[in-house]
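Each chain, letter by letter, is given below.
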Amino acid sequence: MGLVTGILTLPFAPVRGIGWVLDKVVKAAEDEYYDPAPVQEALVNLERARDEGRVDDEEFTRQEEVLLHRLEEIRAYQLRQGGQGAEPGL
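Within any chain, residue numbers begin from 1 and follow the written order of that chain's sequence. Totals for whole chains, interfaces and linings use every residue, but because this is a predicted model, local features are given only for residues with pLDDT of at least 70 and side-chain atom pairs only at 80 or more, for both listing and counting. The side-chain figures draw on all heavy atoms in the structure; neither hydrogens nor water molecules are used.

### Structural notes on the side chain of Arg70
Phase 1: The secondary structure listing takes helices from DSSP runs of H or I that are at least 4 residues long and strands from runs of E that are at least 2 residues long, numbered from the N terminus. Relative to the helices and strands, Arg70 is located in helix α4 (residues 57-80).
Phase 2: In contact with Arg70, not counting residues within four places along its chain, are Tyr33, Tyr34 and Val39. Should any heavy atoms of two residues lie within 4.5 Å, those residues are considered in contact.

Okay, here's the thing in structure tokens:
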């Protein structure tokens, strides 16, 4: 960027800064939303609840299906992103 362009676009610097911050916030939110660890932990806790008798087989099956669907969604997102952050074995 040349000196004249830099001077002429200086009033727009706050807008570019806000855009940069928004991009970072969106990226952080996506990273958190598409993190498989909490879903995997929920599956482990669900299995434990069934083993301890706190969840019957019907409820277990329903919740497990939801969680497995969520893991599929996460995996598809990771593949669309080019495998960035994809965990092997997922």
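### A look at the environment of Ala49
Phase 1: Looking at where Ala49 falls in the secondary structure, it is placed in helix α3 (residues 36-51).
Phase 2: Residue burial is assigned from relative accessible area. The probe radius is 1.4 Å, only protein chains are included, and a residue is buried under 20% of its type maximum, exposed over 50%, and partly exposed in between. Among the residues examined, Ala49 registers a relative accessible area of 5% and is labelled buried.
Phase 3: Expressed as a C-alpha distance, the spacing of Ala49 and Glu73, which sit 24 residues apart in the sequence, is 24 Å.
Phase 4: Contacts of Ala49, omitting those with residues within four sequence positions, involve Arg54 and Val55.

### Focus on the packing of α3 against α4
Phase 1: Axis geometry follows a simple rule: fit a line to the C-alpha atoms, using only the stretch in contact for helices, then measure angles between N-to-C directions, giving values from 0 to 180 degrees. Following both chains from N to C, one finds α3 and α4 inclined at 165°, their axes separated by 10 Å at the closest point. The angle between α3 and α4 falls in the class roughly antiparallel. The handedness of the crossing between α3 and α4 is left-handed. Of α4, the residues touching α3 (which contributes Pro36, Val39, Gln40, Ala42, Leu43, Leu46, Glu47 and Arg50) are Asp57, Phe60, Gln63, Glu64, Leu67, Leu68, Arg70, Leu71, Ile74 and Gln78. For this classification, under 35 degrees means roughly parallel, over 145 means roughly antiparallel, 65 to 115 means roughly perpendicular, and everything else is oblique. Helix crossings fall into two classes, left-handed where the near helix is turned counterclockwise from the far one by less than a right angle and right-handed where it is turned clockwise.

### A look at the nonpolar core
Phase 1: The nonpolar core is taken to be a set of buried Ala, Val, Leu, Ile, Met, Phe, Trp, Tyr and Cys residues, with the residues joined through side-chain atoms within 4.5 Å. Tyr34, Val39, Leu43, Leu46, Ala49, Val55, Phe60, Leu67, Leu71, Ile74 and Tyr77 together form the largest nonpolar core, which totals 11 residues.
Phase 2: Elements supplying a minimum of two residues to this core: α3 and α4.
Phase 3: Counting residues per element, this core draws most heavily on α4, at 5 residues.
Phase 4: Non-local contacts of Leu67, meaning those with residues more than four positions away in its chain, are made with Val39, Ala42, Leu43 and Leu46.

Shape descriptors only; they carry no functional weight alone.
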